[in-house]
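Inside the fold
Listed below, chain by chain, are the residues.
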Amino acid sequence: MGTDTGSRDAVVEAVAGELSDADHAVALTGAGVSTASGIPDFRSEGGIWDQFDQRDFHYSRFKAEPAAFWADRIEMHEAAFGGDVEPNAAHRALADLEQAGVLDAVITQNTDGLHAAAGSESVVELHGTGTRVVCEGCGSRVDAAPVHDRVRDGERPPRCADCDGVLKPDVVLFGEELPVGALQTAQNHARDADVFLAVGSSLQVQPAASLPRVAARVGTLVVVNLEGTPVSAVADYDLRADVTDALPAVVDAL
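First things first, this report covers the structure right here in the doc.

Procedures and definitions
- Note on numbering: residues in each chain are counted from 1, in written sequence order.
- Per-residue local features are limited, in this predicted model, to residues with pLDDT of at least 70; the limit for side-chain atom pairs, both in listing and counting, is 80 or more; totals at the level of whole chains, interfaces and linings are taken over all residues.
- In computing side-chain values, all of the structure's heavy atoms are included and hydrogens and water are not.
- Grouping buried Ala, Val, Leu, Ile, Met, Phe, Trp, Tyr and Cys residues that are joined through side-chain atoms within 4.5 Å yields what is termed a nonpolar core.
- Note on classification: 1.4 Å probe, protein chains only; a residue is buried when its accessible area is under 20% of the maximum for its type, exposed when over 50%, partly exposed between these limits.
- Per the convention used, a helix needs a DSSP run of H or I reaching at least four residues, while a strand needs a run of E reaching at least two, with both numbered from the N terminus.
- By definition, residues are in contact when any of their heavy atoms lie within 4.5 Å.
- Salt bridge, as used here: a side-chain nitrogen of Lys or Arg that lies within 4 Å of a carboxyl oxygen of Asp or Glu.
- Paired strands, as defined in this entry, are two strands with at least two bridges between them according to DSSP.
- Throughout, an axis means a line fitted to C-alpha atoms (over the contacting stretch in the case of helices), and angles, computed between N-to-C directions, take values from 0 to 180 degrees.
- The handedness of a crossover follows from its direction of travel: if, with the strands pointing away from the viewer, the path from the first strand over the helix to the second runs clockwise, the crossover is right-handed.

Considerations on the nonpolar core
If you look at the biggest cluster of nonpolar residues, it comprises 29 residues, and the most contacted ones within it are Val15, Leu19 and Leu197. For this core, the secondary structure elements donating two or more residues are helix H1 (8-21), strand S1 (25-29), helix H6 (89-99), strand S7 (195-199), strand S8 (220-224), strand S9 (237-239) and helix H11 (243-253). With near-sequence residues (within four places) excluded, valine 15 lies in contact with Leu197, Val222, Tyr237 and Val250. Within the second largest apolar cluster, 24 residues are counted, among which are Ala105, Val124, Leu126 and Leu211.

With respect to the pattern of salt bridges
According to the stated counting rule, one finds 13 salt bridges in the structure shown. Here aspartate 53 makes a salt bridge to arginine 55, at a shortest N to O gap of 2.7 Å. Notably, a salt bridge pairs arginine 61 with aspartate 72, separated by 2.7 Å at the nearest N-O pair. On the criterion of sequence distance, the pair formed by arginine 61 in helix H4 (residues 59-64) and aspartate 72 in helix H5 (residues 66-81) is long-range, its members being eleven residues apart. The exposure classification of arginine 61 matches that of aspartate 72, with both residues buried. Among the ionic contacts, a cluster of salt bridges with common partners joins Glu125, Arg132, Arg141 and Asp170.

A closer look at the sheet that holds S7
Here six strands make up an open sheet; going across it, the order is S3-S2-S1-S7-S8-S9 and the pairing parallel. Of all the strands in the sheet, the pair left with one neighbour each is strand S3 (123-125) and S9. Pairs of neighbouring strands in the sheet enclose a mean axial angle of 15°, with direction left out of account. As paired elements, S7 and S8 share five bridges and run parallel to each other. Paired with valine 199 across the strands is valine 224, a residue of S8. Those strands touched by H1 are S1, S7, S8 and S9, and its axis lies near 130° from that of S9.

Some thoughts on the pairing of S8
The element S8 is extensively covered by neighbouring structure, given that five of its five residues are classed as buried. In this region the chain leaves S7, passes through helix H10 (residues 211-216) and returns to the parallel neighbour S8; the handedness of that crossover is right-handed. In the sheet, S8 pairs with S9 via three bridges, with the strands oriented parallel. Across the sheet, the residue bridging to valine 224 is leucine 239, located in S9.

Considerations on the sheet that holds strand S6 (residues 167-171)
If you walk across this open sheet you meet the three strands as S5-S4-S6, and the pairing is antiparallel. The strands lining the two open edges of the sheet, one partner per strand, are strand S5 (141-143) and S6. Going from strand to strand, the sheet's axes swing by 45° on average, the running direction of each strand aside. As paired strands, strand S4 (residues 128-135) and S6 are joined by four bridges and run antiparallel to one another. Residue pairing across strands places valine 133 opposite proline 169, the latter belonging to S6. Its contacts with the sheet put H5 on S4 and S6, and the angle it makes with S6 is roughly 45°.

Note that every value here comes from positions in space, so none of it alone points to a role or purpose.
Written out as structure tokens, the structure is:
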């Protein structure tokens, strides 16, 4: 399989046609879908991990020093999500594709919850979501915002109202495994996809980076990213474009 070298409009029309004919279509999204909403990339130069020490957000530190972990977590959260963060045109386009019955699921590496906020209902969160917290004791999950307020007011670590267990951000911390159920669901989608959209991701972080290669063996792989990726050479369509322009254009072409 090779990279499509046609014009942007021709590629958009072709991708729309592939989606229209697909029985099962899914999208994988990365940080490039969220940066347009004002969320900094974590891994790029000048990103969050240039500002903060990743070791401070390791699961072992959460277990050993939960109060200090939460103090740093709030500071990092405000650096990443402190503005008025809202879904952008790419999030809305994916939600529109799902509501139109074209897209079956969105698999995301992002933890910002913006796909759900945009209206996507079938969202597979590979790394969890920062919009919730989970109790380490009883496993209950609650909205993160009130808990963040409690931490700012000095409750460190915050505790579960049901069992007094320590609350943890419902995200995959360094040192934790990805949720088995989410990863299995994502892999199933990749194997079943007639069309697989890899959108706004550098496709360098495993295991998410393996999903497009799995999909390319059985279906049509579409990469939409400003820069090339490790799977661009095997993609049926490699669209180097801003996701907030390209995805709405695909919706309009359907």
